[in-house]
Amino acid sequence: MSAVSDRLPAFPWDKLEPYKKTAAAHPDGIVDLSVGTPVDPVPEPVQKALIAAADSPGYPTVWGTPELRDALTRWTERRLGARGVTHHHVLPVVGSKELVAWLPTQLGLGPGDQVAFPRLAYPTYEVGARLARADHVAYDDPTELDPTNLKLLWLNSPSNPTGRVLSKEELTQIVAWAREHGVLVLSDECYIELGWEADPVSVLHPDVNGGSYDGIVSVHSLSKRSNLAGYRAAFLAGDPAVLGPLLQIRKHGGMMTSAPTQAAVVAALGDDEHVRVQRERYAARRTALREALLGHGFRIEHSEASLYLWATRDESCWTTVAHLADRGILVAPGDFYGPAGEHFVRVALTATDERVQAAVTRLTS
């Protein structure tokens, strides 16, 4: 076991514990804006679907029920503009983090193979490469990478942590470059329904991929759009030549979404109203926190989408973390997402309205 754990970096969130204790000592309690975990209720139709499927004594299938696959294909076409999506173009997964961490291993990557991800990125991209013993590289522009040993290219738009959105033109150029060099593109689009100052586009859109899904797979999650982080509900959509072998591997590994969760996903993807309501909640919190941070001397970069504000006071991120912890506000230091984030903090919008207002009051008083 130690041989596997020794490949991994130190778990970054442990470093935040002293600052969490400081923030928790505030007389009015902590405002935790560090981890982007949903706090609002699971939509009622989704809860009802889960309950209705509670009596599920048999094993679920890895590929999911036909109803689930129908829901996935309909949603990708309706929401993402994809065309010609069949059941062979979709695959449910047990939350997106599991997929990100184990995908390089499931693809058979190893020493000498390279996995690439953005310079500022979700740490699990690197973890996945390390678990597979593959090499890894961070990029600013993926088309400037040496493609010789590059096997897996992670895109993330909208970005975690920065909220940056890749334009349709950028995505089109990247997909064409990757295909030219035989590089598999995995596009993490878990925040695609949370665009504020930009309208995020999927690699599944025909304007990006030319009507072909060859060499591209997108990753989608219901954790943020539907408050289903506790359900572990996500899925892949894209190239059947990639998803078919993954399905077989995941069958052998027993990597199956529970039957009640599958039913809940069908309900969630078939209902746009709860997404609209949740977007309005996040939009209001974003406006309040953004104005308060700007008034407190912060500068905000990107942040045109997703559930975070990428903010800086042009100092060490840990100095900023300490400054805010003294006011009872906990945020994530930018260097959790790569050395390029050393002067930034990530401020999550995932707190109740009451806690967000508490943070605003402390920043403006």
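Since the structure is predicted, the reported quantities are computational estimates derived from the model, not experimental observations. (Residues numbered from 1 in each chain as written. Predicted model: local features only at pLDDT ≥ 70, side-chain atom pairs only at ≥ 80, totals over all residues. Heavy atoms only, no water.)

1. Considerations on the sheet that holds strand β8 (residues 234–238)
- A sheet is described by the order of its strands in space; here 7 strands give the open sequence β2-β8-β7-β6-β5-β3-β4, paired in mixed fashion. Both outer strands of the open sheet, β2 (90–93) and β4 (135–139), are each paired with one neighbouring strand and no more. Averaged over all adjacent pairs, the angle separating strand axes in this sheet is 20°, with direction ignored.
- Examined bridge by bridge, strand β3 (residues 114–118) and strand β5 (residues 150–156) share 3 bridges and lie parallel to one another. Across the sheet, the residue bridging to Q114 is L150, located in β5.
- Sitting on the sheet, helix α4 (residues 66–80) touches β2, β7 (216–221) and β8, and the angle it makes with β2 is about 110°.
- The strands touched by helix α5 (residues 96–106) within the sheet are β2, β3, β5, β6 (184–188), β7 and β8, with β5 carrying the most contacts at an inclination of about 160°. (Pairing = 2+ DSSP bridges. Helix = DSSP H or I, 4+ residues; strand = E, 2+ residues; numbered from the N terminus. Axes fitted to C-alpha atoms, helices over the stretch in contact; angles between N-to-C directions. Contact = heavy atoms within 4.5 Å.)

2. Some remarks on the side chain of E304
- Among the secondary structure elements, E304 is positioned in the loop between β9 (299–301) and β10 (308–312).
- Salt bridges are absent for the buried E304, whose nearest opposite-charge side chain, R164, sits at 5.7 Å.
- If near-sequence neighbours (up to four positions away) are discounted, E304 is found in contact with G163, R164, V165, G195, W196, E197, A198 and R286. (Buried < 20%, exposed > 50% of the residue type's maximum accessible area, 1.4 Å probe, protein only. Lys, Arg positive; Asp, Glu negative; His and termini not counted. Salt bridge = Lys/Arg side-chain N within 4 Å of Asp/Glu carboxyl O.)

3. Observations regarding the pattern of salt bridges
- The final tally for this structure, using the stated rule, is 20 salt bridges.
- Where E126 meets R130, a salt bridge forms, and the shortest distance between an N and an O atom there is 2.7 Å. You can see E126 and its partner R130 sitting in helix α6 (residues 124–131), 4 residues apart, about one turn around the helix.
- When its relative accessible area of 22% is taken as the criterion, E126 is described as partly exposed.
- R164 serves as the salt-bridge partner of E170, at 2.9 Å between the closest nitrogen and oxygen.
- Given the relative accessible area of 27%, E170 is considered partly exposed.

4. A word on helix α10 (residues 259–269)
- Regarding α10, the residues found buried are P260, T261, Q262, A264, V265, A268 and L269.
- Where α10 is buried, its residues meet α3 (44–52), α4, β8 and α11 (273–295).

5. Some remarks on the packing of α5 against helix α9 (residues 240–253)
- Between α5 and α9, the least distance of the axes is 12 Å, while the angle of their chain directions is 105°. As the angle between them shows, α5 and α9 are arranged roughly perpendicular. Taking contact as the criterion, the partners of E98, L99, L103 and Q106 in α5 are, on α9, L246, I249 and R250.
- Each residue belonging to the contact of α5 with α9 can be placed in one class, and the counts come to 4 nonpolar, 1 polar and 2 charged. (Parallel < 35°, antiparallel > 145°, perpendicular 65-115°, else oblique. Nonpolar A, V, L, I, M, F, W, Y, C, P; charged D, E, K, R; others polar.)

6. A closer look at the nonpolar core
- Counting residues in each nonpolar core, the largest one holds 68 residues, and the members touching the most others are L33, W154 and L236.
- Residues in contact with L236, not counting those within four places in the same chain, are H89, V90, L91, V93, L99, V217, S218, V219, L243 and L246. (Core = buried A, V, L, I, M, F, W, Y, C linked by side-chain atoms within 4.5 Å.)

7. Things to note about the sheet that holds β9
- Strand order in the open sheet formed by 4 strands is β9-β10-β13-β12, with antiparallel pairing between adjacent strands. Both outer strands of the open sheet, β9 and β12 (332–333), are each paired with one neighbouring strand and no more.
- Bridge count for β10 against strand β13 (residues 344–348) is 5 bridges, and the pairing is antiparallel. Counterpart to L309 in the pairing with β13 is V347.
- Sheet contacts for α11: β9, β10 and β13; angle to β10, the most-contacted strand, approximately 5°.
- In the packing of helix α12 (residues 317–325) onto the sheet, the strands contacted are β12 and β13, and the crossing angle to β13 comes to about 45°.

8. Observations concerning the packing of α11 against helix α13 (residues 353–364)
- Look at α11 against α13: their axes get within 9 Å of each other, and the N-to-C directions meet at 15°. The orientation of α11 with respect to α13, classified from their angle, is roughly parallel. Two packed elements cross with a definite hand, and for α11 against α13 that hand is left-handed. Note on element contacts: α13 touches α11 through D353, V356, A359, V360, L363 and T364, opposite R285, A288, L289, A292 and L293. (Left-handed = near helix turned anticlockwise from the far one by under 90°.)

9. Regarding the environment of T312
- Structurally, the position occupied by T312 is in strand β10.
- The buried category is assigned to T312, whose relative accessible area is 2%.
- Sequence spacing of T312 and L294 is 18 residues, and the spatial spacing of their C-alpha atoms is 9.8 Å.
- Beyond its immediate chain neighbours, meaning those up to four positions away, T312 contacts G297, F298, R299, H343 and F344.
- At 2.8 Å, the side chain of T312 and the backbone nitrogen of D314 are in polar contact.
- A distance of 2.5 Å separates the side chain of T312 from the backbone oxygen of H343, its partner in a polar contact. (Polar contact = N/O pair within 3.5 Å; in protein donor to acceptor, adjacent residues only side chain to side chain.)

So far we have only geometry, and geometry alone does not tell us how the molecule works.
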